[in-house]
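# Observations on chain architecture
Single-letter residue listing:
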Amino acid sequence: MTATGPARTADPERGTLDKAADENFPVAPFFLPKAWRTDLMAVYGFARLVDDIGDGDLAPGGADARLLGVAPEAADDRLVLLDAFEADLRRVFDGTSRHPLLRRLQPTVRRRSLTPEPFLGLIAANRQDQLVKRYETYDDLLAYCELSANPVGRLVLAVTGTATPERIRRSDAVCTALQIVEHLQDVAEDLGRDRIYLPAQDMKRFHVQEADLAVPTAGASVRALIAYEAERARDLLNEGTPLVGSVHGRLKLLLAGFVAGGKAAIQAIAAAEYDVLPGPPKPGRIQLLRQVGTTLRGEG
């Protein structure tokens, strides 16, 4: 998983929450009821912090490590930090957590009757990032997305009180697609972290070597591979799109924003002729709004 947004400030809580404005998707937009916004921001704070731990993007000085009770000499050990973070997450459910972002989560967990499982999935994904740097098959990547992405959608449905088995299935498809799209946008950045989320089998099929990902601009083989993976992500988004029509009101607009963000990002990748190596192709605001309208009308 890749981090976005500005460097964390001296205030660990504020520094994390401020990153919401830089995400690829709307986190807690103004049009939602205040109670939903409060709880979604609490969930976001957890998800963003666990990603920052996993990516080594914590603020210098070790404030987060101290809050989690990690000794200074282990403050840069991501696995130690993730273990301490998991222990503090478990304290959320009895109201005794230490980190301010987890204390912020406590009332949300109570109000929404949230369970530990989706939070533990996100921690497990970041733990896996420390141990697994390559994925052999597409199914292996999907299993990773089950941990790294799908819990977020499940938490949104739980916070809004709209979870059903069918909606969860559709949400999982959308979230997995969004994770794959993010991986496609961030091929170069991920490689800089010694991570490749393009399945090795697909790289072989398209005659792509790792060295082909480490150049300033993509060759024909890399572009063909990215186009192939983008089409897979588009298929998943299409599978998940009926989720939008299954809900009403402001939640429908929020979920349309998620789906549209993914589809618009794929359009931006295509517009860049699938050359993602110079930097992440991202859609403009007009393109995104147009895609939201298309998704709401059930046309996209």
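Residues numbered from 1 in each chain as written. Predicted model: local features only at pLDDT ≥ 70, side-chain atom pairs only at ≥ 80, totals over all residues. Heavy atoms only, no water.

## Quick notes on the overall build of the protein chain
How we decide: Helix numbers and strand numbers start at the N terminus; a helix is a DSSP run of H or I with at least 4 residues, a strand a run of E with at least 2. Only C-alpha atoms enter the radius of gyration, while the globule expectation follows 2.2 Å times N to the 0.38, with N the number of residues. Contacts are assigned to residue pairs with any non-hydrogen atoms lying within 4.5 Å of each other. For accessible areas, the Shrake-Rupley method is used with a probe of radius 1.4 Å. Any residue's cover is judged against the shown protein chains and nothing else. Counted as positive: Lys and Arg. Counted as negative: Asp and Glu, with His and the chain ends omitted from the count. Where a charge lies is defined by one atom per residue type, namely NZ (Lys), CZ (Arg), CG (Asp) and CD (Glu).
Within the protein chain one finds 15 helices and 0 strands. Radius of gyration (C-alpha) of the protein chain: 19 Å, near the 19 Å computed for a compact globule of 300 residues. Seen through its C-alpha atoms, the protein chain measures out along the principal axes to roughly 55 × 50 × 30 Å. Long-range pairs, those at least 24 residues apart, make up 69% of the contacts in the protein chain with a sequence separation of at least 6. In the structure as shown, the protein chain presents an accessible area of about 12,900 Å², 55% of it carried by carbon and sulfur atoms. The positive charge centre, built from 37 side chains, and the negative charge centre, built from 41, are 8 Å apart in the protein chain.

## Some remarks on the packing of helix α6 (residues 117–131) against helix α8 (residues 150–159)
Spelled out, the test is: Only the contacting stretch of a helix is used when fitting its axis, a line to C-alpha atoms as for every element, and angles between N-to-C directions run 0 to 180 degrees. Roughly parallel refers to an angle under 35 degrees, roughly antiparallel to one over 145, roughly perpendicular to one between 65 and 115, and oblique to any angle outside these ranges. Helix crossings fall into two classes, left-handed where the near helix is turned counterclockwise from the far one by less than a right angle and right-handed where it is turned clockwise. Each residue gets one label: Ala, Val, Leu, Ile, Met, Phe, Trp, Tyr, Cys and Pro are nonpolar, Asp, Glu, Lys and Arg are charged, and the others, such as Gly, are polar.
Remark: α6 packs on α8, axes separated minimally by 9 Å, with the N-to-C direction vectors making an angle of 160 degrees. By the angle class used here, α6 and α8 are roughly antiparallel. As α6 packs across α8, the resulting crossing turns out to be left-handed. Of the residues in α8, those touching α6 at Pro 118, Phe 119 and Leu 122 are Pro 151, Val 152 and Leu 155. Class assignment of the residues belonging to the contact of α6 with α8 gives a composition of 6 nonpolar, no polar and no charged.

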